[in-house]
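# Notes for the structure review
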Amino acid sequence: MTQFTRRTTLAAAAALTILPRLARAQTSAQDEVVPLWPGAAPGAPAAPIHRKVADQSRDPAKPDRWVTGIDRPVLVVKRPARPNGSAMLIVPGGGYGFLSYDNEGTSQAAWLNARGVTAFILLYRLPGEGWSQREDVPLQDAQRAMRLIRAGASRFGIDPGKVGVLGFSAGGHLAGSLATRHSERVYQPVDQADSQSAAPQVAGLVYPVVSLLAPFTHVGSRDNLLGPGSTPAMQKPRSVEERVDGATCPTFLVHAADDGLVPPANSIALFQALQEAKRASALHIFENGGHGFGVRLPATMQAAAWPSLFASFAATHGVTAA
């Protein structure tokens, strides 16, 4: 066992001791929980943050938990019965104001596990909960998460060259930011894991928030990330379509034409930027589905096909098995 693995294992055990509410609210006794930071996360607020979990579901067998108060961000590891060596970092949405843990976390891990993919659900910090450098807080956690996954590849039984990211809504903005800003220094390295690359090999963005500058931006996500009254000078460098370059990974985009919360113009703008940069990309805009559909749509609806389409796209680009 490497030094990194020993530290991570001890930290994970400590996290379950320190954070009993996390263990009860988001995980089962069988889950692996890997804390992102060896101590306090960067820019910790002076006032304590208290975790809250609100279940939107009326069916105890099908929880739909929304999580706030992320004081200690973690990865929740979901291992498949028959792993194929590929991995996916799952980034739930929630407008940067909460995390949709089940609809855009555990349910996504389930279908990925069924395809042999090891899933890592990212419980990242919410920028409006008192953190300094609020605009960088989610990206700090996403970069750190990707580096920890790669640094612990042997422990997790994955190939460090087959790690993608899958994000939803505001989590799609964060996943897109990771795809385009993976090498940007947003925190000071804390250990050997930070020598790893934070670049995903493929990105799946589902009904994503993309632009913070354009008139079709999702104002709630923008204001939660940057704070009210942000300027174009703050918005432009954090608009995903503005950061695409020749190193951006293959990117898969999904939206519903009737999305009344985050307009499909977000996905279209990013697709156009990817095409202009001659980067591999696919865009699917389905007739209906609204926003936040996750994998809950009935098979009779067109957008229900997106997981199979994404799996095929990721396989084409060498991340998952065909």
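This one's a predicted model, so the numbers in the text were calculated from it and none came from an experiment. (Residues numbered from 1 in each chain as written. Predicted model: local features only at pLDDT ≥ 70, side-chain atom pairs only at ≥ 80, totals over all residues. Heavy atoms only, no water.)

## Topic: the sheet that holds strand β7 (residues 118-123)
Pairing in this open sheet of eight strands is mixed, and the strands run β1-β4-β7-β5-β8-β9-β10-β11 from one edge to the other. Two strands bound the open sheet, and with one partner strand each, they are β1 (32-35) and β11 (281-286). Taking the axes of each pair of neighbouring strands and ignoring which way they run, one obtains an average angle of 20 degrees across the sheet. Here four bridges tie strand β9 (residues 203-206) to strand β10 (residues 251-256), and the two strands are oriented parallel to one another. (Pairing = 2+ DSSP bridges. Helix = DSSP H or I, 4+ residues; strand = E, 2+ residues; numbered from the N terminus. Axes fitted to C-alpha atoms, helices over the stretch in contact; angles between N-to-C directions.)

## Some points on the pattern of salt bridges
Going through the model one piece at a time under the given rule, you end up with twelve salt bridges. A salt bridge links Asp71 to Arg51, with the nearest nitrogen and oxygen atoms 3.1 Å apart. Highlighted residues: Asp71 in the loop between β3 (65-68) and β4 (74-78) and Arg51 in the loop between β1 and β2 (52-55), separated in sequence by 20 residues. Residue Asp71 is classed as partly exposed on the basis of its relative accessible area, which comes to 25%. Asp141 serves as the salt-bridge partner of Arg125, at 2.9 Å between the closest nitrogen and oxygen. Of this pair, Arg125 sits in the loop between β7 and α4 (137-151) while Asp141 is found in helix α4, placing the two residues 16 residues apart along the sequence. Just as Arg125 is buried, Asp141 falls in that class too. (Salt bridge = Lys/Arg side-chain N within 4 Å of Asp/Glu carboxyl O. Buried < 20%, exposed > 50% of the residue type's maximum accessible area, 1.4 Å probe, protein only.)

## So, helix α3 (residues 102-114)
Residues of α3 that are buried: Asp102, Asn103, Glu104, Gly105, Gln108, Ala109, Trp111, Leu112 and Asn113. Backbone geometry just after α3 places Gly116 at a positive phi near 85 degrees.

## Overview of helix α7 (residues 219-226)
Buried within α7 are the following residues: Ser221, Arg222, Leu225 and Leu226. All buried residues of α7 fall inside an arc of 105 degrees around its axis, so they share one side. Where the residues of α7 are buried, they touch α4, α6 (170-181) and α8 (232-235). Of the residues one or two after α7, Gly227 is the one with positive phi, at around 95 degrees. (Arc of directions from axis to C-beta. Contact = heavy atoms within 4.5 Å.)

## A closer look at the pairing of β7
Taken across its six residues, β7 has six buried, putting it largely inside the fold. The alternating pattern of β7 places Thr118, Phe120 and Leu122 and Ala119, Ile121 and Leu123 on opposite faces, both of which are buried. Of the strand pairs in this sheet, β4 and β7 are connected by five bridges, and their pairing is antiparallel. From the neighbouring strand, Lys78 faces β7, where its bridge partner is Ala119. Note: strand β5 (residues 87-91) against β7, four bridges, orientation parallel. For Ile90, the partnering residue across the bridge sits in β7 and is Ile121.

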